[in-house]
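Structural features, examined
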There are 4 protein chains.
Amino acid sequence: MKSSTGTASPERRAQKRIPDGKWRTALTDIEPNKILLRGYAVDELMGRLTFGEAIYLLLMGEIPSPSMGTLMDAMLVSFIDHGTTPPSTLSARNTATTGAPLRACVAAGVLGFGTYHGGDIERCQLFLDGGLDLVREGQSYRKAAETIVERCQATDQALPGFGHRYHTIDPRATRLLQLAHELEVDQAYTQLLRALEHEFTRHQAFASRPLPINVDGAVAAICADVGLPPEVADALLIISRVPGLAAHALEEQQREAPMRAIDPTSHAYDGPKERRMPERRS
Amino acid sequence: MKSSTGTASPERRAQKRIPDGKWRTALTDIEPNKILLRGYAVDELMGRLTFGEAIYLLLMGEIPSPSMGTLMDAMLVSFIDHGTTPPSTLSARNTATTGAPLRACVAAGVLGFGTYHGGDIERCQLFLDGGLDLVREGQSYRKAAETIVERCQATDQALPGFGHRYHTIDPRATRLLQLAHELEVDQAYTQLLRALEHEFTRHQAFASRPLPINVDGAVAAICADVGLPPEVADALLIISRVPGLAAHALEEQQREAPMRAIDPTSHAYDGPKERRMPERRS
Amino acid sequence: MKSSTGTASPERRAQKRIPDGKWRTALTDIEPNKILLRGYAVDELMGRLTFGEAIYLLLMGEIPSPSMGTLMDAMLVSFIDHGTTPPSTLSARNTATTGAPLRACVAAGVLGFGTYHGGDIERCQLFLDGGLDLVREGQSYRKAAETIVERCQATDQALPGFGHRYHTIDPRATRLLQLAHELEVDQAYTQLLRALEHEFTRHQAFASRPLPINVDGAVAAICADVGLPPEVADALLIISRVPGLAAHALEEQQREAPMRAIDPTSHAYDGPKERRMPERRS
Amino acid sequence: MKSSTGTASPERRAQKRIPDGKWRTALTDIEPNKILLRGYAVDELMGRLTFGEAIYLLLMGEIPSPSMGTLMDAMLVSFIDHGTTPPSTLSARNTATTGAPLRACVAAGVLGFGTYHGGDIERCQLFLDGGLDLVREGQSYRKAAETIVERCQATDQALPGFGHRYHTIDPRATRLLQLAHELEVDQAYTQLLRALEHEFTRHQAFASRPLPINVDGAVAAICADVGLPPEVADALLIISRVPGLAAHALEEQQREAPMRAIDPTSHAYDGPKERRMPERRS
């Protein structure tokens, strides 16, 4: 299939770099009766790291600080489910209605994180990078935000990280930014994000359409501020959404008839009414 | 796909049970500026529940007790990565080497949790159920274990939940059972599991092949003891393995040449040496 | 993950059967400037075999007879598209609406051939096998059909291979059986299938619901008559449906807005009106 | 997840164009006892069109000319299997070794048609377009080819459509171009492709590495000449490779032990020896 890739460029050929002819992994070392994740015995980690912290360790190579750990779990929780309407959820449910096993439903759903769905984090970082270039050139965050907002006014493009189809305030974004502030991890990206929201609110051209920071924007800015590269943010997004896909597939299997036609706009919620967390938890 | 499903049986037709013609979900309720997971505002959960606890809430409908929460995170951490050799990991890496996006690599890997790979939890529960029938009939755990071990001797079948291709003691199983004991959630299934291991060790017929409790066995018994149904245990397994699939796909993209032929037996670990957790964490 | 499979049973261990330690394939041999499919140079096959005939060669090991080749292409054409409502098609479209690449849409769709969707061929063969046991014991096809229909009357189960959610006559089944007859490949399974349809039509109990042979029934009977094993029939089904999945994903990408909510029941056809094949083709 | 896509741009909003609120499909019309593919009754097509011709009809909207039909089948046959080494095949086999169902194996394999694997057709068309711009400006094919080859000399990039990792002549490319010539469908793209191969052979800089036209190059040029757009060529590639994925997954299930570690470089072919097509076929 590959063909012309056969005439490989120099940097590809460079891979035959290892004397013993073996390829390398730095993730997990398996020895008799020992499983080491990034050097730590997995049984020592169990009960001591949360799942979110272990995910950070696996992807970033080090145990996160307690603040970073809290933020990881919070980001993963923020994306855990989006209700019945996202196309990825509908793919999982459509697969479930055919009687396919759970893993097939989850896989079909994961494939639905495409360009338009779940792809905003990297675009948002690039968008913010544009503004931070101005800050690095000496402009204040407010001035940089004004310049960006003027530019946006001219175009009619979607603004990555801002606005929501349904909500006028995205409660997940508000909470994530609050947490990042409390944990003292917010820096330049977050600061510019807030400055931009402020300008959008003030600017006449955007008076008719609310452009609050959305959860993609908050995650993008915080990941950039704490040094999580875009491909890790992308991995977090996929990881965070899998429990929701599984839950929808299981609900479909348990509550609905096989082979039904799923109209995404015609459903109603019949779960528990709104309730508060138990005291000791909050 | 028509056919005989057309002549639907009565219980299928029964689904048109809802007066307003809408279908129902009990997972997530989306209202303006409000996202309720099982009745709880997601922004209230963020920073207060770990990812493992939120997964429990989504799948089981309630916030777990602190003990249950710790156990959830521990079980999810226990499966997080299995090194480079499982076929699911190899599917993820083979997909990554073609230049496919991360979500495609993860999806390909998830599909590899098949009958032989990751399917032992339900079989192990069924195996233990057989023994618990004897206990319910009045036998002691030890006596029931003896009976089961005698039966196993006759057949040459694999014993679900026991033995490991590589390890003679599975450190994850040991740790999980210890945690379950400390958290006081271990009950009949766990007790029988331990009794069986004891009998396997004593019994002449199994002298030549070690049959320690493996991590599937520990997870199966604990899930059964704490009331997680098999389909939820199945979901946990899929969820827990996704970070490892993502980490391998990212490492493949970053360290290896495209379109390489991946020999699973010819790799070496070059990550951090064995190290201990930081004090404050343990 | 592996666990108890580690204590592999004897027949598994038997696989290390090959002296040179290499594993074997009988599909395709690649030599310098030569690609041999089942022994035939692929460039010699090109332009001489239809795609359907080449699929037969690959799956069955031999070039089909001209009759068998015609039948293969006809079976593959019969399943090529089922309109917009099957869940597999909806998964492909839901994946496409997220901006995912074509291969992801096709993969998501393929996962939706589950127990209830596309799984009838093997069940239909088993159903027919039940009747053929009676024939082998000396009953006539008609008598065997009567016995089976009596049995079916008692139960309220779906009858694999018969009936359709929407059509009262399945035109694909009619045509396939006609072709099989013209090509003189129809034998015992097909004969029993026809006898059963005849009995269903005559029998009072089924007077209110038409139970015509459906396309799954026709394919199942013909595959059994011509010696295609169930797993090959399963492969044919998957292969035949891929062009339809791809066509729907492409149409979604080209005609619809990203991230739309796809209501499967609310669409209209706006393609060419009914038309006849060009003369020279029929 | 949707976020900024909420502030949809004008052309997206334009989709609400249809008075009755229904969305549209032009592929298949289902009426009682009638299934119309692009206006043709599927039962009329069965036995009259090959699978390749029906695929053309579904994707392009019209029944192909006999020449175009022959070419379709030939292109689909050319890609049908690539042996055991492509990563997509290995994903299918790795999934099969876990005991997953056939459709999961095929889906995992389909995901492996990525940037480097099967992605050359569009790049090759773009590469040829560059040369045809020169032809349109008045240069001869030979002169345009010389200019392109000079440019390529400077860079060390892979040349889409030329060269092969393993073969020095790609027999599928040779045969496809021969067929296109016999069927009189070869035009500008094919002509430039041949001129380029001629120049690569003559040019000193490429003396040490053979750069024959490969099958991707031949398919890309022919598709462009006959008016198949790149996204249809992409669909053809996926469709053509599915039988091979299914055949490898079935062979894995039937011949190999579960959960084996598949070393892609350590296999041997044990199928039929090289043989000629039966007379009446050639």
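Before reading on, note that the structure itself is shown above.
The sections below set out a description of the structure shown in this document. (Residues numbered from 1 in each chain as written. Chains lettered and ligands numbered in written order. Predicted model: local features only at pLDDT ≥ 70, side-chain atom pairs only at ≥ 80, totals over all residues. Heavy atoms only, no water.)

Our focus in this paragraph is the relation of the copies chain A and chain B. For the pair of chain copies, the relating transformation is a rotation about an axis with a translation along it. Superposition of chain A onto chain B requires a rotation of 180° combined with a translation of 0.0 Å along the rotation axis, giving an RMSD of 0.0 Å. Taken together, the rotation and translation describe the operation of a two-fold axis. Considering only C-alpha atoms, the residue of chain A closest to the rotation axis is Ala107 of chain A, which sits at 2.2 Å. (Least-squares fit on C-alpha atoms with pLDDT ≥ 70 in both.)

This paragraph deals with the interface of chain A and chain B. In this complex, chain A contributes 114 residues to the contact, which on the side of chain B involves 114 residues. In total, chain A and chain B occlude about 10800 Å² of area from one another, counting both sides; carbon and sulfur atoms represent 64% of this. The three residues of chain A that bury the most area against chain B are Trp23, Met46 and Phe51 of chain A, which together make up 9% of that side's buried surface. A salt bridge links Arg275 of chain A to Glu62 of chain B; its shortest N-O distance comes to 2.9 Å. Between the two partners, chain A and chain B, sit 47 residue pairs in polar contact (both at pLDDT 80 or more). Broken down by element, the residue count for the side of chain A that touches chain B peaks at 16 residues, all from helix H12 (residues 230-255) of chain A. Among the residues forming the side of chain A that touches chain B, the class breakdown is 53 nonpolar, 27 polar and 34 charged. Relative to strand S5 (residues 267-269) of chain B, strand S1 (residues 23-25) of chain A is paired through three bridges, and the arrangement is parallel. Residue Arg24 of chain A lies in a different strand from S5 of chain B, and its bridge partner there is Ala268 of chain B. (Contact = heavy atoms within 4.5 Å. Buried area = accessible area lost by both parts, 1.4 Å probe. Salt bridge = Lys/Arg side-chain N within 4 Å of Asp/Glu carboxyl O. Polar contact = N/O pair within 3.5 Å; in protein donor to acceptor, adjacent residues only side chain to side chain. Helix = DSSP H or I, 4+ residues; strand = E, 2+ residues; numbered from the N terminus. Nonpolar A, V, L, I, M, F, W, Y, C, P; charged D, E, K, R; others polar. Pairing = 2+ DSSP bridges.)

A few words now on the environment of Arg260 of chain C. Residues and elements named next belong to chain C. Secondary-structure assignment places Arg260 in the loop between helix H12 (230-255) and strand S5 (267-269). Looking at Arg260, the relative accessible area reads 9%, which means it is buried. Between the C-alpha atoms of Arg260 and Ala54, which are 206 residues apart in sequence, the distance is 39 Å. In terms of polar contacts, Arg260 uses its side chain to reach the side chain of Glu252, at 2.7 Å. (Buried < 20%, exposed > 50% of the residue type's maximum accessible area, 1.4 Å probe, protein only.)

Once that is clear, we can look at the pattern of salt bridges. All names here are of chain A. Applying the stated criterion to the full structure yields 60 salt bridges over all chains. For the salt bridge of Glu252 with Arg260, the shortest nitrogen-to-oxygen distance reads 2.7 Å. Accessibility assignment for this pair places Glu252 and Arg260 in one class, buried. Overlapping salt bridges, with partners in common, bring together Arg93, Glu251, Glu252, Arg255, Glu256, Arg260 and Asp270 in one network.

The next point concerns the environment of Arg275 of chain B. Relative to the elements of secondary structure, Arg275 of chain B occurs in the segment after S5. Residues Arg275 of chain B and Ala257 of chain B, 18 residues apart in the sequence, show an inter-C-alpha distance of 30 Å. Contact partners of Arg275 of chain B, with chain neighbours within four places excluded, come to Arg38, Gly39, Tyr40, Glu44, Gly61 and Glu62 of chain A. Here Arg38 of chain A takes part through its backbone oxygen, which lies 2.8 Å from a polar atom of the side chain of Arg275 of chain B.

Residue and element names in this part refer to chain C. Orientation of helix H8 (residues 141-154) relative to helix H10 (residues 188-202), taken along the N-to-C sense of each, is 55°, at an axis distance of 8 Å. Considered as vectors, H8 and H10 are oriented oblique to each other. In the packing of H8 onto H10, the handedness of the crossing is right-handed. Within the contact between the two elements, H8 uses Tyr141, Arg142, Ala144, Ala145, Glu146, Ile148, Val149 and Cys152 and H10 uses Ala188, Gln191, Leu192, Ala195, Leu196, Glu199, Phe200 and Arg202. Within the contact of H8 with H10, the residues separate by chemical class into 11 nonpolar, one polar and four charged. (Axes fitted to C-alpha atoms, helices over the stretch in contact; angles between N-to-C directions. Parallel < 35°, antiparallel > 145°, perpendicular 65-115°, else oblique. Left-handed = near helix turned anticlockwise from the far one by under 90°.)

In this section: the pairing of strand S3 (residues 34-37) of chain B. All names here are of chain B. When strand S2 (residues 28-31) meets S3, the two strands line up antiparallel, connected through four bridges. By the bridge assignment for S3, Asp29 is matched with Leu36. Bridge count between S3 and strand S4 (residues 40-41): two bridges; the pairing is antiparallel. When the sheet's bridge partners are listed, Leu37 is paired in S4 with Tyr40. A loop of two residues connects S3 with S4, the two strands running antiparallel in sequence, and Arg38 in this loop sits at a positive phi of about 50°.

Okay, the packing of aromatic side chains next. Within this structure, the stated rule accounts for 10 aromatic pairs over all chains. Relative to Phe206 of chain B, the ring of Phe200 of chain B lies with its centre 5.0 Å away and its plane at 75°, an arrangement referred to as edge-to-face. Within the aromatic cluster, the residues linked to one another by ring pairs are Phe162, Phe200 and Phe206 of chain A. Lying over the aromatic face of Trp23 of chain A, Arg260 of chain B brings its terminal NZ or CZ to 4.3 Å of the ring centre. (Phe/Tyr/Trp six-rings, centres within 6.5 Å; stacked < 30°, edge-to-face > 60°. Lys NZ or Arg CZ within 6 Å of the ring centre and 35° of its normal.)

A few words now on the side chain of Asn94 of chain A. Positionally, Asn94 of chain A belongs in helix H5 (residues 87-96). Apart from residues no more than four positions distant in its own chain, Asn94 of chain A is found in contact with Ile262 of chain A together with Pro87, Leu90, Ser91 and Asn94 of chain C.

All names here are of chain A. Between its first and last C-alpha atoms helix H8 (residues 141-154) spans 20 Å; for 14 residues at 1.5 Å apiece the expected length is 20 Å, and the two agree. Of all the residues in H8, the buried ones are Ala144, Ala145, Ile148, Val149 and Cys152. Buried residues in H8, looked at end-on, bunch into an arc of 135°, giving them a common side. (Expected span 1.5 Å × (residues − 1). Arc of directions from axis to C-beta.)

This paragraph deals with the sheet that holds strand S4 (residues 40-41) of chain C. In a beta sheet, neighbouring strands pair by backbone hydrogen bonds and run either parallel or antiparallel. An order of S2-S3-S4 (chain C) is seen for the three strands of this open sheet, with the pairing classed as antiparallel. With one partner strand each, in any of the chains shown, strand S2 (28-31) and S4 of chain C form the two edges of the open sheet.

All names here are of chain B. Helix length check: helix H11 (residues 215-226) (12 residues) gives 16 Å between terminal C-alpha atoms against 16 Å at 1.5 Å per residue, within 8%. H11 sits mainly inside the fold: 10 of its 12 residues count as buried. Within H11, the full set of buried residues consists of Val215, Asp216, Gly217, Ala218, Val219, Ala220, Ala221, Ile222, Cys223 and Asp225. The N-capping residue of H11, defined by a side-chain oxygen 3.2 Å from the backbone nitrogen of Asp216, is Asn214. Of the residues one or two after H11, Gly227 is the one with positive phi, at around 85°.

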